[in-house]
Amino acid sequence: MGNGPLTGYKILDFTQFESGTVCTETLAWMGAEVWKVERPQGELGRYSEENPGVDTYGFLIMNMNKKSITCNLKNAEGIRLIRQLLAMADVVVENMGPGSMARLGLDYADCKKINPKIIYASIKGFAQDSPYANYPAFDPIATHTGGLVAATGLPDMPIKSGVSIADSGSGLACAMSIIAALLQREREGVGQRIDVAMQDFIIGLSRSGWEPYYNTGKAPRRVGNGMPLEDVAPSDTYPCKPFGPNDYVHIYCSRAPGSKHFPNLCRAIGREDLLQDPRFATPHSRFLNREALDDAIRAFTSQHTKQEAMAIIAGADVPAGALLDIDDITQDPGYQQRGIIVEVEHPQLGKRKVPGFAPKMSENQIDYRCSPALGENNREIYCGLLGLSEEDLQALQAQHAI
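Since the model is a prediction, treat every value here as computed from it, not as a measurement.

**Student:** Before we move on, could you go through the overall build of the protein and cite the residues and values that matter?
**Tutor:** Broken down by element type, the protein carries 17 helices and 13 strands. Considered along the principal axes of its C-alpha atoms, the protein spans approximately 85 × 45 × 45 Å. Within the protein, the proportion of its 402 residues that are buried is 46%. The long-range fraction of contacts in the protein, counting pairs at least 24 apart against all pairs at least 6 apart in sequence, stands at 68%. When the accessible surface of the protein is summed, it comes to about 20300 Å², and 54% of that surface belongs to carbon and sulfur atoms.

So, in structure tokens, the structure goes:
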């Protein structure tokens, strides 16, 4: 059990892959005791066909600080064990396929009969009352149907995000909702059901698109690396040396009244002459002549690395960001010093640097622990909590219940 704000709460975790596992990992990092229920063969995301029996890096990254118990949910004895644990749990989290929990006799109505104050959280691709409710869904389906991809990419080419925004984002939203439900239960004494649909979450993230929609009467256009909310320049991603696939810096100058971004940029890149050029006199004229302006900026950034360009331009009080990739972030000791990247040791994978919990809380210092081995906590939970004997455990294994 952890030592954070959720210490003492017990989470019965029926999650796999990313959205649900991110939710329960977040709760574990805040101190909750998370019982990860896995098939006797392991969660579907634990192993790969290429390396059977060895945890994937994805499993390690998504399942830190949890406890693993194995249970065959299609076995009567296995379900009996889960029902006993359910009576002790505060929260159930699941992201199984539509209808799966109901078929197992573990949907909200079933669980509420056993534990009337249970908080039962489900993450699905689509809302239960959506016409798409029974459709399978993964992250790219949610981002396509939620408005994100329609606003991302080039004018003639929609492009999905390279980051699993719907998966991890829905997991974080679910964790936030669970914590709110626990507070409400403390105040009012009631449990409740929480449903998070990845499509709906992405619709919420896309909210800024409604401003240009009402201003123009049309869906927001795709503008590549520009700003979809306004015609503004410079607002693009510029190449830097040594011109590798991720050697770029993004520069953005606001068109807000009184903004000094553009004059500051011109001075930073040694092109104060641009301030006398009538083509660049106003935000609108700069947008109309953005190709010539971009050429001038590109000539400067091409002489510097992305980190140098960011330091020079952002140091002049102009919004600029180097295009940092996973390797850049992992190898930069600053992120580890701040706890954004943490190092854990896995018995099979060795020491690995992985993302930690982004928010910082003065009274919650997280003790990061490696993801659990398959069934590592069977004895602790089944014997320690439910009072089973070693003989009972062996009998359950013989019956393929765990």
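**Student:** Talk me through the environment of Lys-67; I want residue IDs and the actual numbers.
**Tutor:** Within the element layout of this structure, Lys-67 appears in strand S3 (residues 67-70). Residue Lys-67 is classed as buried on the basis of its relative accessible area, which comes to 14%. Here the side chain of Lys-67 touches Glu-380 through a polar contact of 2.5 Å, side chain to side chain.

**Student:** Residue-level account of the state of the cysteines, with values.
**Tutor:** Cysteine pairs can be covalently joined through their sulfur atoms, and such a bond is termed a disulfide. Scanning all chains against the criterion turns up zero disulfides. Considering cysteine sulfurs only, Cys-111 is the nearest to Cys-71, which forms no disulfide, with 13 Å between them. Since its relative accessible area comes to 2%, Cys-71 is described here as buried. Under the relative-accessibility criterion, Cys-111 is labelled buried at 2%.

**Student:** Mind laying out a nonpolar patch on the surface, listing which residues take part and the relevant values?
**Tutor:** On the surface, a cluster of nonpolar side chains totalling about 390 Å² of accessible area is made up of Phe-17, Leu-44, Phe-138 and Ile-141. Mapped onto the elements, Phe-17 comes out in the loop between strand S1 (10-14) and helix H1 (19-29).

**Student:** Requested: an account of the pairing of S3, with residues and values cited.
**Tutor:** Sheet faces and side chains relate simply in a regular strand, where the side chains alternate between the two faces. Every second residue of S3 is oriented toward a common face, with Lys-67 and Ile-69 on one face and Ser-68 and Thr-70 on the other, all of them buried. In terms of strand pairing, strand S2 (residues 33-38) meets S3 through four bridges, oriented parallel. In the sheet register, Glu-38 faces S3, and the bridge partner there is Thr-70. Crossover handedness for the path S2 to helix H2 (residues 57-62) to S3: right-handed.

**Student:** I'd like a description of the nonpolar core, backed by residues and values.
**Tutor:** Formed by 37 residues in total, the largest nonpolar core has its most connected members in Cys-23, Leu-27 and Ile-178. With six residues, the single largest contributor to this core is helix H7 (residues 165-188). Look past the residues within four positions of Leu-27 in its chain and what remains in contact with it is Leu-6, Ile-11, Ala-32, Ala-175, Ile-178 and Ile-179. Grouped together as the second largest cluster of nonpolar side chains are 31 residues, Leu-106, Cys-111, Cys-383 and Leu-388 included.

Each value, and the rule that gives it
Residues numbered from 1 in each chain as written. Predicted model: local features only at pLDDT ≥ 70, side-chain atom pairs only at ≥ 80, totals over all residues. Heavy atoms only, no water. Helix = DSSP H or I, 4+ residues; strand = E, 2+ residues; numbered from the N terminus. Buried < 20%, exposed > 50% of the residue type's maximum accessible area, 1.4 Å probe, protein only. Contact = heavy atoms within 4.5 Å. Areas by Shrake-Rupley, 256 points an atom, 1.4 Å probe, with all protein chains shown as cover. Polar contact = N/O pair within 3.5 Å; in protein donor to acceptor, adjacent residues only side chain to side chain. Disulfide = S-S within 2.5 Å. Patch = residues over 30% accessible without salt bridge, like charges linked within 9 Å, V, L, I, M, F, W, Y side chains within 5 Å. Salt bridge = Lys/Arg side-chain N within 4 Å of Asp/Glu carboxyl O. Pairing = 2+ DSSP bridges. Right-handed = clockwise from strand over helix to strand, strands pointing away. Core = buried A, V, L, I, M, F, W, Y, C linked by side-chain atoms within 4.5 Å.

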